[in-house]
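So you can see what is in the structure, the chains are spelled out below.
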Amino acid sequence: MKKTIRYTLFFLLFSNLFFGQIFVQNYSNIANQVSQSNITANLTEFQNLGVKRRGTQPLENAYNWLRNKYLGFGYATSQLQEDTFANSSFTCKNLIVTKIGTLYPNTYVIICGHYDSIVGTGTNDNGSGTSAILEVARLLQNLPTDYSIKFIHFSGEEDGLIGSQHYVTTVVNGTTPKMNIKLVFNLDQVGGVAGAVNNTITCERDLSSPTTNNAASNTITNELITCVGLYSPLNTYLSNAYSSDYIPFENNNEVITGFYEKNESTHPHSSTDLLINMDPVFNYNVAKAATGAMLHFAVAQTTLGLNSIQEDYKISFYPNPTKEYLFINFCITPEDNYTLQLIDINGKIVQTEQISNPKQVETVNVSKLSKGIYLANLFSEKSSTRTKIIID
Ligand SMILES: [Zn+2]
């Protein structure tokens, strides 16, 4: 009996650590930085761009508006990619923004939603998903994550998912080796209904064919549900995924999950799909949940910000920038053994040092590294800290 209890406790502890499904204060701090005024401003600007039908100037203007948002958040032009698809009568663009992970640079967590509309301005369908993704991108811009992230804004959704289908066919499958996707998290129509009590978000899992990816979708959708509870005030409702940009990925046997409003608006695909008919506070809460979920899915650092870590543990790195030697001052003589990884801007570990029985100040020779920005990842069994190091 005792043995069983001990095993269960161990399993609970291990599974929590492994899946990270415990409350992480730092994730909550970041999710709480989602801004209602940004959400409302994004929705208003999106609405003012007009009807974003395929091949039209408003659609092109919306594409450029999105691009400028990312540049304003601090993303580099080199992180922004255009994926164009066309037929004889129109040309449309998907916008892909890539942020490289520190441990798994070639494995992607995709968060996506469409920005095209038909008939109306599409403020709920899907300015709401667009606004939420922009807030996630703003808050994660300068935050190291273990997995790479792609923020994708599709067009062609209202024409039969042709933008996302084009991306899967030509980019996901057109890359050698095929792009490795951890999961696809799609947000479509998450604006709620004006005047209603919008306190529940529908979380969508894959129940359709092919079925080989359904169990994995169920697992990550359960993780998504947990994140909604941990990082937003919303309740969840479990349903199935259909008719949005995750479907071409699902047909490609990728692992998908999604958000959709529980109170379903009647305005989408009409001229009354406007801000006045939706609930921007619900949109804001959805963005908080999405931020917490992305921090979890992409595995952001779980400790406090870099400065506060260094104050807590009193670990400092100097000089910075440096040329030949990097000194690590632990302030005390640590009891644990440490490992230092230096990771380049592409997420590749370029130098590893085992620091056994560390002295108060340790010296690392970094003279073999070329000039540039690196992430120093210093960790023991009990603690870890990360900071940017410049080799000059
Ligand atoms: Zn939609």
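Residues numbered from 1 in each chain as written. Predicted model: local features only at pLDDT ≥ 70, side-chain atom pairs only at ≥ 80, totals over all residues. Heavy atoms only, no water.

Chemist: Please clarify how helix 5 (residues 127–140) should be interpreted in this entry.
Modeler: Residues three or four positions apart in an α-helix share a direction because the helix packs 3.6 residues into each turn. Compared with an ideal rise of 1.5 Å per residue, which puts 14 residues at 20 Å, helix 5 spans 20 Å between its outermost C-alpha atoms and is within 8% of the ideal. Here helix 5 lies mainly inside the structure; 13 of its 14 residues are buried. (Helix = DSSP H or I, 4+ residues; strand = E, 2+ residues; numbered from the N terminus. Expected span 1.5 Å × (residues − 1). Buried < 20%, exposed > 50% of the residue type's maximum accessible area, 1.4 Å probe, protein only.)

Chemist: For this particular structure, what's the right way to read the domain arrangement of the protein?
Modeler: Note on interface size: it is often stated as the accessible area lost on association of the parts. Per the domain assignment, the segments of the protein are domain 1 (2–10 + 308–391) and domain 2 (25–298). For domain 1 versus domain 2, the separation of C-alpha centres amounts to 35 Å. Contact residues are listed per partner, giving eight residues for domain 1 and eight residues for domain 2. Taking both sides of the interface into account, the surface hidden between domain 1 and domain 2 amounts to around 570 Å²; carbon and sulfur atoms contribute 51%. Between the two partners, domain 1 and domain 2, sit zero salt bridges. In this structure, the connection of domain 1 to domain 2 is made through one residue pair in polar contact (both at pLDDT 80 or more). Elements represented by at least two residues in the side of domain 1 that touches domain 2 include exactly strand 11 (338–343) and strand 15 (384–391). (Domains from an automatic or database assignment. Contact = heavy atoms within 4.5 Å. Buried area = accessible area lost by both parts, 1.4 Å probe. Salt bridge = Lys/Arg side-chain N within 4 Å of Asp/Glu carboxyl O. Polar contact = N/O pair within 3.5 Å; in protein donor to acceptor, adjacent residues only side chain to side chain.)

Chemist: Which parts of the structure should I look at to understand the sheet that holds strand 13 (residues 361–365)?
Modeler: Each strand in a sheet pairs with another by means of backbone hydrogen bonds, the pair being arranged parallel or else antiparallel. Spatially, the three strands line up as an open sheet ordered 9-10-13, and their pairing is antiparallel. Either end of the sheet is taken by a strand with one partner, and the two such strands are strand 9 (316–318) and strand 13. Across the sheet, the mean angle from the axis of one strand to that of its neighbour is 20°, orientation sign disregarded. Strand direction decides the pairing type here: strand 10 (residues 325–329) and strand 13, joined by five bridges, are antiparallel. Among the inter-strand pairings, L326 is bridged to a residue of strand 13, identified as V364. (Pairing = 2+ DSSP bridges. Axes fitted to C-alpha atoms, helices over the stretch in contact; angles between N-to-C directions.)

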